[in-house]
Every structure is written in structure tokens, then in C-alpha cells.
Amino acid sequence: MEATHGWATTDEGAVAEARTGNPEAFRVLVERHSRSVYRLVYRMTQNEHDAEDLVQETFLKACRQLHRFDGRASFGTWLYRIAANCATDLLRARQSRAQKQVAFHAETEENPMEQMPSHAPSPERLSLSSEIGRLLGPAMSQLSAQERAAFVLRHYEGCSIEEIGQALKVRPNAAKHSIFRAVQKLRRALEPKLGVTAGSSL
Amino acid sequence: MTHLTEDQLTLLYYGEAGDVEASHAAACEPCRARLASLAQFMDAVRSVPVSDPRAEWQQRLWPAIAPQVAEALGRRRSGWSRLWLLGPGLAAALAVVFFSGMYLQNRIDRSHPEAFSPKSRERVLLITMGDHLDRSQIVLAELANAPESGKTDISSEQQLASRLIGENRLLRQTAQYSGDASDAALLDQLERVLLDIAHSPTQVSSGELKDLQDRIESQGLLFKVRIVGAADRQKGLKL
Ligand SMILES: [Zn+2]
């Protein structure tokens, strides 16, 4: 149905139409981008319920800030920035709550990775990727909110370090180091369980 | 010779390393092997699929947000377009009202009673006041409803607030001059908040945004501006 409107063919057209107050134009943008936004926030939170809430929050924020979209980045990139920041805020809030609890139960705290089965099935029987799929969630939970955001934007969305710095409102160097720490943590957490040599001890 | 660090290998993997790292990796067998092992791991992490969102959630998404989207887009459209169109005309009308009241009341009213009759002046004043409050209300509501995030860019609200300050001052003086104490008090309260908005940094932190929002909500300012604005315009149009 939206194909009958000229403005619906490009994101820029739909944004311009939405700015005149037409919600149908914004609906086109939601339908076009909701799944990729969902993938992004799912990768950051590793949780279906959080991801669903964050997609909703992202689009509401985007429509309230639509007048601030200046077209320098594509609409999709702009949307990803909002989504990454929404997810970062959620993770930060949750991590600071968790830290308070951890501080309280400091003696009984256990490393979440140690609660995972350490007898990983042999790599011959399971492909590396399906095995990682099972272990990635717990491994990601060891990353800080900013590390997760920077890593997901770099690794899955192909954003440059420069773009990630802009998106997360940090200097490129800080974005770069967040990615480094994310890669280090993920390798330390996952490679021993996968029977892969880290190959980084040189 | 110093081998590449894991971080340098990571940059190489992402194609963001410099020439030095690239030529080292090209020449050094151990580093190439480490890069290959990193790449194998990273590619495997990338290949982990995310299952599609639940179909029923996808169907519910738009109906769930549509009312808020329509409200946000509609408010901005009616608000902004009126704002840009009426701005200059209102200021001119206001200046006429103000100066006619201040300086010309006795002289012109006697020679041209129909031109600046008290009734027509009151009508222009009420409509001007109604529109001024309506436009102020839009700026205040924008900020009051701004979602909280690390930094919020309020530059567009600031530009509008700056434009409204001059008009507000004239209206306040007019209200004081004509002895309308309640309008004068409301405009005085509004002027202080408009000044706060105009003088805030362009990018406000969530704490600064919260302060502004508290000032906007304090003593029911937003509510009063909305109610008095609508009432004044109604009265003005009936005169
Ligand atoms: Zn080397």
C-alpha cells in the first residue's frame, strides 16, 4: 500500500513526509527498520524481552527527535545510534544495580563463566559457530555497556571507530579501547571452552 | 623485532590498522598465524545468528506506538508551522498595541476614536497574548517531554525561547501598565523560565534537563500558560 506514495520509496522521503505530521510515513520507517534495530539491540542485551522493549523505545525517541535528524548520516545509521544509546542506558542501569548487589554479597559471588558447563562438546561434533552461539550470551555479560555497544557496532554493523565514537559520544580513542577490551574479554572467555588456542601469548 | 600486539591484530582484522602493522603482518609468519586464528574466532562470533523477532510482536509494534507517534508528529507540525508564520506579524501588532497604549492613548484616541479604540486594542492584545502563550507552551512542552538521555541538544528550543523573550517583555510591561496583575505575574514567571532556557548550554546533561523540567513544572507554569493562552484567544476572538 505504501508503494503508491512517492515519499515511501526512500527513507529520506519518508522522513520528510513524517515531519509534515503524517504518521503513516513514520510507520513505513518502523516497518522497514524494526528488524535490523531488533538485531542490534538483541546482540547488545542477549535478551528477547529487552530487545523488544528497546525497539519500541528507539522508535519513540526517534519520532520525538525527528527534527534533529540532519541527514548527514543515513536514517538507518541515525536510528542505530539512538538504539545503541537506549541499550547502553539500560545495561548501565542494570549493571550499576547488579554491582550494588555484588558488593553486598561479595563473599558468595561467583564468576558467571564458572557456572557454565566446562565440558564443552568436542569441536569435531559441533561447529565452532553453533558452539559459540550457546556461549556468547554469558560471555557478553562480562562486557561493560560501552564495550558491548562499541563491539556490536563495529563487529556486526560495520561502523568505523570514528562513527562509533560519534554514536556513543566518546572520543575515537575511547571507542577503540572499548573494542579492544571487548575482543580480549570474549576471547579469554570463549576460546578455552572451544578448544581453540588463543594464539595471543606472544 | 617486536611482534604485533593483540590490539594491533584486532585493528588489522577490522581494516583499521596502519601501514606499519600491515607490512609487519605481511612479512612475519607467526603474526600472520595469530591473525588467522583471531580472524577464525571473530568470524565465528559474527556468524552467530539472531533469530527473527516474534511475529506477533512485530504485528503489535506499530499499533503499540502509533498513538504516541501521531501525537509527537502532530504537535510539532501544528506548533512549528504556526510559529514561523505568525512570528513577525505578531511582533508588529504587539508594538502597535504597546506604543498606542503608552504614548498615543490620549492624543490619537481623541482625533481617531475608531482606529485605536480601547475595544480593538484589547482584542489585539488578547489575541497576541493567546498566541504568545500558545507558542511558549509548545517550547515548554517540548522540553518537559524531552526523553532523558546522556546529553540532549536543546538548540532549537533555545532559538525559539530567545525570540519569545522580547515579545514576552513587551506583553509583561503592557499588562503592568494596564494594571492586569495576574497576567503580569504569569508573564514574569514565564520570562524567567524562557531566560533560563535561552541561557542554558546547547547540550544539556540529564541533570540540567531535569532542572529545567522542574522549573517548567513549578507552580503549574505549563498548565497555566496553556489554560490562560486558550482563554485569552477565545475572549479576543469574541470581542
Ligand atoms: Zn610478528
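That block above? That's the structure.
Residues numbered from 1 in each chain as written. Chains lettered and ligands numbered in written order. Predicted model: local features only at pLDDT ≥ 70, side-chain atom pairs only at ≥ 80, totals over all residues. Heavy atoms only, no water.

Enquirer: Talk me through the overall build of chain B; I want residue IDs and the actual numbers.
Expert: A count of helices and strands for chain B gives nine helices and two strands. When the elements of chain B are put in sequence order from the N terminus, they spell out α-α-α-α-α-β-α-α-β-α-α. Out of the 239 residues belonging to chain B, those deemed buried represent 44%. Long-range contacts, defined as pairs at least 24 residues apart, comprise 75% of the intrachain contacts of chain B with a sequence gap of at least 6. (Helix = DSSP H or I, 4+ residues; strand = E, 2+ residues; numbered from the N terminus. Buried < 20%, exposed > 50% of the residue type's maximum accessible area, 1.4 Å probe, protein only. Contact = heavy atoms within 4.5 Å.)

Enquirer: Give me the lowdown on the coordination of the zinc ion, citing residues and values where you can.
Expert: All names here are of chain B. Donor atoms from the polypeptide that coordinate the zinc ion comprise His3 (ND1), His24 (NE2), Cys28 (SG) and Cys31 (SG), at 2.0 to 2.3 Å from the metal. Classification of the site at the zinc ion rests on its four donor atoms, whose angles at the metal span 99 to 129 degrees, yielding the label tetrahedral. Every donor residue of the zinc ion comes from the same chain, spaced as H-x20-H-x3-C-x2-C. Cysteine 31 shares its class with cysteine 28; the two are buried. (Donors = N, O, S within 2.8 Å, 3.2 Å for Na, K, Ca; no water. Tetrahedral: all angles 85-135°; square planar, octahedral: opposite > 155°, others 65-115°.)

Enquirer: So, the layout of surface pockets: which residues are in play, and what are the values?
Expert: For the largest pocket, the calculated volume is near 880 Å³. Lining the largest pocket we find 27 residues, and of these Asn85(A), Gln166(A), Ala167(A), Lys169(A) and Lys151(B) sit closest to its centre. Listing elements by their share of the lining of the largest pocket, those giving two or more residues are helix H4 (75–104) and helix H7 (161–168) of chain A together with strand E1 (151–153) of chain B. The leading source of residues in the lining of the largest pocket is H4(A), at eight residues. A per-class count over the lining of the largest pocket returns eight nonpolar, nine polar and ten charged. (1 Å grid on protein atoms, 1.4 Å probe; cavity = no way out; pocket = protein on both sides within 12 Å on 5 of 7 lines; lining within 4 Å. Points joined across faces, edges and corners; volume = space filled by probe spheres on them. Nonpolar A, V, L, I, M, F, W, Y, C, P; charged D, E, K, R; others polar.)

Enquirer: An account of the pattern of salt bridges is needed here, citing residue identities and associated values.
Expert: Overall, the coordinates contain 25 salt bridges over all chains when judged by the stated rule. Taking the shortest distance from any N to any O, the salt bridge between Arg35(A) and Asp52(B) comes out at 3.2 Å. Placement of Arg35(A) in helix H2 (residues 23–45) and of Asp52(B) in the loop between helix H3 (29–46) and helix H4 (55–111) is noted, with the two residues assigned to different chains. Ionic pairing is found between Arg54(B) and Glu52(A), a salt bridge with its closest N-O pair at 2.8 Å. Of this pair, Arg54(B) sits in the loop between H3 and H4 while Glu52(A) is found in helix H3 (residues 48–64), placing the two residues in two different chains. Through salt bridges with shared partners, a single ionic network connects Arg187(A), Arg188(A), Glu191(A) and Glu6(B). (Salt bridge = Lys/Arg side-chain N within 4 Å of Asp/Glu carboxyl O.)

Enquirer: Residue-level account of the packing of aromatic side chains, with values.
Expert: Residue and element names in this part refer to chain A. Under the criterion given, the structure shown has eight aromatic pairs over all chains. Plain terms: the ring middles of phenylalanine 69 and phenylalanine 75 are 5.7 Å apart, the flat faces sit at 90 degrees to each other, and that makes the pair edge-to-face. The pair phenylalanine 69 / phenylalanine 75 is uniform in exposure class, with both members buried. An angle of 50 degrees between the planes, with centres 5.2 Å apart, marks the rings of phenylalanine 69 and tryptophan 78 as tilted. (Phe/Tyr/Trp six-rings, centres within 6.5 Å; stacked < 30°, edge-to-face > 60°.)

Enquirer: Go over helix H1 (residues 6–13) of chain B, please, and point to the residues and values.
Expert: In terms of residue burial, H1(B) counts as a mostly covered element, since six of its eight residues are buried. Listed in full, the buried residues belonging to H1(B) are Glu6(B), Leu9(B), Thr10(B), Leu11(B), Leu12(B) and Tyr13(B). If you follow the buried residues of H1(B), they end up packed against helix H6 (145–155), H7 and helix H8 (172–194) of chain A together with helix H2 (19–27) and H3 of chain B. Directly beyond the C-terminal end of H1(B), a positive phi value near 70 degrees is found at Gly15(B).

Enquirer: I'd love a proper account of the environment of Phe69(A), names of residues and values included.
Expert: All names here are of chain A. Examined against the element boundaries, phenylalanine 69 turns out to sit in the loop between H3 and H4. Phenylalanine 69 gets classed as buried once you look at its relative accessible area, which sits at 7%. The spatial distance from the C-alpha of phenylalanine 69 to the C-alpha of leucine 79 is 9.5 Å, given a sequence separation of ten residues. Beyond its immediate sequence surroundings of up to four residues, phenylalanine 69 is in contact with Val15, Arg19, Ser74, Phe75 and Trp78.

Enquirer: Describe the interface of chain B and chain A, and please don't skip the residues or the numbers.
Expert: In this assembly, 48 residues from chain B lie in contact with 57 residues from chain A. Contact between chain B and chain A buries roughly 4800 Å² in total, counting both sides, with carbon and sulfur atoms accounting for 64%. Among the residues chain B hides against chain A, the three largest losses belong to Phe41(B), Trp62(B) and Leu73(B). Together they make up 14% of the total. Connecting chain B to chain A are six salt bridges. In this structure, Arg187(A) and Glu6(B) form a salt bridge, with 2.9 Å as the shortest nitrogen-oxygen distance. The interface formed by chain B and chain A includes 14 residue pairs in polar contact (both at pLDDT 80 or more). For the side of chain B that touches chain A, the elements supplying multiple residues, two or more each, are H1, H3, H4, E1 and helix H6 (155–177) of chain B. Counting residues per element, the side of chain B that touches chain A draws most heavily on H4(B), at 13 residues. By residue class, the composition of the side of chain B that touches chain A is 24 nonpolar, eleven polar and 13 charged. (Buried area = accessible area lost by both parts, 1.4 Å probe. Polar contact = N/O pair within 3.5 Å; in protein donor to acceptor, adjacent residues only side chain to side chain.)

Enquirer: Can you explain the packing of H6(A) against H7(A)? Please cite residues and give values.
Expert: All names here are of chain A. Closest axis-to-axis distance for the H6/H7 pair is 10 Å, and the angle between their directions is 135 degrees. If you check the angle between H6 and H7, you find them oblique. For the element pair H6 and H7, the recorded crossing hand is right-handed. Between H6 and H7, the residues in contact are Gln146, Ala149, Ala150, Leu153 and Arg154 and Ile164, Ala167 and Leu168, respectively. (Axes fitted to C-alpha atoms, helices over the stretch in contact; angles between N-to-C directions. Parallel < 35°, antiparallel > 145°, perpendicular 65-115°, else oblique. Left-handed = near helix turned anticlockwise from the far one by under 90°.)

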